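Structure at a glance
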Amino acid sequence: MVLSEPYWDHHIPLPKLGPLHSRLVTAFVALICFINSYNGDFVFDDSEAIINNKDLNPDTPLSNIWKNDFWGSNLSSNSSHKSYRPLTVLTFRINYLLAGGLHPIGFHMLNVALHCVISVLMIDVFAILIGGLVHDGRGVKLNLSPKASFLAALFFAAHPVHTESVAGIVGRADLLCALFFQLSFLVYCKAFQGGDKKFSVLWIFSSILLCAVAMLCKEQGITVLGVNAAFDILMVCNLDIYELAHRLLVLLFLGGSFLLYARWRIMGTGPPSFTEVDNPASFAENVILRIVNYNYYYSLNAWLLLCPWWLCFDWSMGCVPLIKSATDWRIVWPLLLWCCLMGLVYQALCSQDSNKRSPVLHTSDFIGLMSSLTFSFLAQVHYNVGKNLADRGNQSAAVKYYREAVRLHPKYVHAMNNLGNILKERNELEEAEELLSSAVHIQPDFAAAWMNLGIVQNSLKKFDKAEQSYWNAIKFRKKYPDCYYNLGRLYADLNRSIDALNAWRNATMLKPDHSLAWNNMVILLDNTGNLAQAELIGKEALKILPKDHTIMFSLANVLGKQEKYKESEGFFLNALKINPNVASCHGNLAVLYHRWGKLDLAKRHYELSLRLDPNAPGTKENYNMLKRKLEQRQRTVG
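Residues numbered from 1 in each chain as written. Predicted model: local features only at pLDDT ≥ 70, side-chain atom pairs only at ≥ 80, totals over all residues. Heavy atoms only, no water.

Moving on, we come to the overall build of the chain. Helix and strand counts for the chain stand at 28 helices and 2 strands. Expressed as a percentage of the 638 residues in the chain, the buried residues total 49%. Sequence-distant contacts, at least 24 apart, represent 61% of the contacts inside the chain between residues at least 6 apart. Carbon and sulfur atoms form 61% of the exposed surface of the chain, whose accessible area is close to 31800 Å². (Helix = DSSP H or I, 4+ residues; strand = E, 2+ residues; numbered from the N terminus. Buried < 20%, exposed > 50% of the residue type's maximum accessible area, 1.4 Å probe, protein only. Contact = heavy atoms within 4.5 Å. Areas by Shrake-Rupley, 256 points an atom, 1.4 Å probe, with all protein chains shown as cover.)

So, about helix 22 (residues 515-527). Side chains three or four residues apart in an α-helix point the same way, a direct result of the helix having 3.6 residues per turn. For helix 22, which comprises 13 residues, the first-to-last C-alpha distance of 18 Å matches the rise-based estimate of 18 Å (1.5 Å per residue) to within 8%. Extensive coverage of helix 22 is indicated by the burial of 10 of its 13 residues. Every buried residue belonging to helix 22 is among S515, A517, W518, N519, N520, M521, V522, L524, L525 and D526, and all of these are buried. Residues of helix 22 that are buried make contact with helix 20 (481-493), helix 21 (497-510), helix 23 (531-544) and helix 24 (549-561). Trailing helix 22 by a residue or two, G529 shows a phi angle of about 80°, which is positive. (Expected span 1.5 Å × (residues − 1).)

Looking now at a nonpolar patch on the surface. On the surface, a cluster of nonpolar side chains totalling about 550 Å² of accessible area is made up of W303, L306, W309 and W310. Along the chain, the position of W310 falls in the loop between helix 11 (287-306) and helix 12 (332-350). For W310, a relative accessible area of 37% corresponds to the partly exposed category. (Patch = residues over 30% accessible without salt bridge, like charges linked within 9 Å, V, L, I, M, F, W, Y side chains within 5 Å. Salt bridge = Lys/Arg side-chain N within 4 Å of Asp/Glu carboxyl O.)

Right, let's get into the UniProt feature "transmembrane region" (unreviewed entry) in the chain. On the UniProt side, "transmembrane region" (unreviewed entry) is annotated at positions that read residues 20-38, 112-134, 169-188, 200-216, 222-241, 248-266, 302-323 and 330-349 here. Span residues 20-38 is 79% helix and 0% strand, its end C-alpha atoms 26 Å apart. Between the first and last C-alpha atoms of residues 169-188 the distance is 30 Å; the span itself is 85% helix and 0% strand. (UniProt positions renumbered as here; feature names shortened; annotations may be inferred.)

Right, let's talk about the pattern of salt bridges for a bit. Following the criterion strictly, the structure yields 20 salt bridges and no others. Between D328 and R330 there is a salt bridge whose closest N-O contact spans 2.8 Å. According to the relative accessible area criterion, D328 is buried, its value standing at 17%. Exposure remark for R330: the relative accessible area of 11% places this residue in the buried category.

This paragraph deals with unusual backbone geometry. Phi at K461 takes a positive value of approximately 65°, unusual for a residue other than glycine. By relative accessible area, which is 62% here, K461 ends up exposed. Backbone geometry at N495 places phi at a positive 60°, although glycine is not the residue there. Within the secondary structure layout, N495 lies in the loop between helix 20 and helix 21. The exposure class of N495 is exposed, given its relative accessible area of 67%.

Under the criterion given, the structure shown has 12 aromatic pairs. Between F92 and F107, the aromatic rings sit 6.2 Å apart at their centres with planes inclined by 45°, giving tilted as the arrangement. With F92 in helix 3 (residues 86-99) and F107 in helix 4 (residues 104-131), the pair connects residues that are 15 residues apart, well separated along the chain. Like F107, F92 is buried. (Phe/Tyr/Trp six-rings, centres within 6.5 Å; stacked < 30°, edge-to-face > 60°.)

We now examine the side chain of N458. Examined against the element boundaries, N458 turns out to sit in helix 18 (residues 447-459). Discounting chain neighbours no more than four positions away, the residues touching N458 are F463, A466, Y470, L490 and D493.

Further remarks concern helix 26 (residues 583-596). The end-to-end C-alpha separation of helix 26 is 20 Å, in line with the 20 Å expected for 14 residues at 1.5 Å each. Of all the residues in helix 26, the buried ones are A583, C585, H586, G587, L589, A590, L592, Y593 and H594. G597, located one to two residues past helix 26, shows a positive phi value of around 90°.

A few words now on the packing of helix 21 against helix 22. In the contact formed by helix 21 and helix 22, the axes pass within 9 Å of each other and the chain directions differ by 155°. Between helix 21 and helix 22, the angle falls in the class roughly antiparallel. Crossing hand, helix 21 versus helix 22: left-handed. Within the contact between the two elements, helix 21 uses S497, A500, L501, W504, R505, A507 and T508 and helix 22 uses A517, W518, N520, M521, L524 and L525. (Axes fitted to C-alpha atoms, helices over the stretch in contact; angles between N-to-C directions. Parallel < 35°, antiparallel > 145°, perpendicular 65-115°, else oblique. Left-handed = near helix turned anticlockwise from the far one by under 90°.)

Moving on: the environment of P512. Position of P512 among the secondary structure elements: in the loop between helix 21 and helix 22. The exposure class of P512 is partly exposed, given its relative accessible area of 39%. When the C-alpha positions of P512 and I544 are compared, they lie 7.1 Å apart, and in sequence the two are 32 residues distant. In this structure, P512 is in contact with W518 and I544, ignoring residues within four places of it in sequence.

Caution is warranted with low-pLDDT regions, since their predicted coordinates should not be read in detail. The share of residues in the chain with pLDDT of 70 or more is 87%, and the mean pLDDT across the chain is 85. In this model residues 355-378 is a low-confidence stretch, pLDDT under 50, and it forms 60 contacts with partners more than four residues away in sequence or in other chains. (pLDDT = per-residue confidence, 0-100.)

Direction vectors running N to C along helix 1 (residues 19-34) and helix 4 enclose 145°, while the axes themselves pass 8 Å from each other. Of the two elements, helix 1 crosses helix 4, and the hand of that crossing is right-handed. Residues S22, R23, T26, A27, A30, L31 and F34 of helix 1 lie in contact with helix 4, whose contacting residues are V112, H115, C116, S119, V120, I123 and D124. Along the lines of polarity and charge, the residues of the contact of helix 1 with helix 4 split into 8 nonpolar, 4 polar and 2 charged. (Nonpolar A, V, L, I, M, F, W, Y, C, P; charged D, E, K, R; others polar.)

Quick look at the structure:
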């Protein structure tokens with residue numbers, strides 16, 4: 001057989017570069033196009049996946065990344081999206097460790113570097129898809145379309161559709177998934193370097209292993225098995241059923257089945273729960289409308305590959321209105337897409353020169369698949385802008401964006417929940433209650449909204465309704481320590497001390513480091529005269545939270561009331577070492593010294609307290625009382 005480049009490759013107006021130079025040029029193009037993102041900040045979904053994700057902190061056990069989802073929630077939680085991407089989170093954690101904290105430049109630079117590597121590998125991928133899988137007599141793979149594969153890789157490196165995956169830090173999941181997707185495909189192709197339809201089982205198993213790694217970066221990684229299977233059927237086996245049965249079905253099918261089963265078990269053998277906002281097409285009135293809308297998304301995606309002038313990092317909340325009837329002119333686009341695809345299939349399989357054309361079909365399939373990886377990662381525009389503003393303390397602006405999110409999508413329960421929280425903090429309780437009530441009416445299992453509704457109702461003194469809302473939240477999220485904490489506060493307001501203590505104890509059992517629940521137990525026991533029990537609870541809490549100055553403060557108060565002055569002094573001083581600018585701590589330590597008879601020390605800490613807070617309740621009166629006592633003692637001495 002004479003090996004030659006496709007007849008059209010030499011017509012491409014590009015210089016024929018060697019393998020090294022073509023890779024360097026491709027990497028350079030990828031770098032130049034996206035390097036301007038290096039100094040970006042954490043934005044949108046970065047706040048949940050990175051800033052608020054405790055799994056990035058080196059103090060958090062490394063094993064947590066294997067138990068939690070991409071956002072740091074336990075996979076067993078009802079609120080988890082089941083997005084299991086532990087290897088992506090591990091890279092975030094490494095960024096955090098190397099930078100010594102949350103400094104975005106390192107996160108961005110790694111994203112850009114990954115894009116450069118992926119773009120370079122695309123030369124090898126396109127070389128196989130365009131020029132075919134061909135080896136010389138020594139088994140070395142040949143690139144029969146060097147210019148075409150180089151040009152395709154350049155388009156990939158510079159394509160604007162990758163902007164979110166590269167410039168957005170959470171896009172790391174797409175990048176890592178794409179990297180191992182490529183490696184799995186290339187390793188699978190390496191299994192056939194012997195020729196004569198011989199294959200290496202070791203390389204095929206290596207490909208399946210790399211598929212598993214891609215899947216641990218982002219769920220869509222498992223689709224590489226489908227690409228490998230299509231490549232095997234069409235370009236290796238040439239539809240040879242005997243070869244197909246002995247290789248593809250046995251190895252790929254079993255490997256894929258095992259990975260899917262493992263993923264299903266990790267998810268807790270149950271699917272994630274999504275709302276209409278997350279996937280509006282899935283909530284269309286009937287199956288036909290759902291299919292039409294799915295295909296419209298495909299056509300929109302295909303158009304963005306050809307003309308990426310209308311890019312958006314989020315297509316939800318009405319950005320892409322649903323097609324609801326046959327009279328909607330947009331129904332033409334899915335029809336046009338399928339006509340084009342069928343035309344390509346016909347040209348690839350039925351034309352006289354199909355042997356030369358067939359790889360074109362695979363190239364378009366692969367590009368579509370890679371773009372779908374990018375397209376699948378979409379956030380919620382107005383919601384995320386509002387959330388970002390709220391995280392930065394700009395609540396007035398956040399309210400504006402949340403309201404717009406609800407206007408565009410009246411059933412957007414997460415926007416309602418966050419807007420309700422801000423209104424609650426601004427004491428606009430009636431509107432907050434209305435919004436949160438609407439949210440739980442739309443999505444009855446929305447545990448966070450039930451809890452927030454309970455907080456608002458408690459503030460409105462609707463205690464019975466608040467209690468029921470809290471229990472509804474716990475019903476839908478069994479392990480909900482914050483809800484137990486708020487339920488305890490409700491019971492404390494109603495003077496149901498035993499119920500309050502039980503609720504807070506439940507909170508600390510579910511979340512041992514729940515400082516507020518521990519502290520409230522100590523304070524409630526102190527206020528009800530159960531000093532010995534308060535002391536035990538306080539010391540138990542400090543075994544878990546040895547540097548919590550609020551618990552030290554509360555325990556010191558309890559010990560002072562029991563006249564254990566020396567021990568109480570130690571906890572007050574330790575609390576002040578951690579946070580020396582707490583006026584109440586200085587004030588209460590002064591009261592301790594006052595009772596203990598150490599009047600000079602009492603005077604010093606009263607003055608420190610008043611310096612920090614001139615209006616500290618009771619401190620000024622106690623200080624004046626001490627000054628009279630000191631003056632009286634001075635007169636007596638004199």
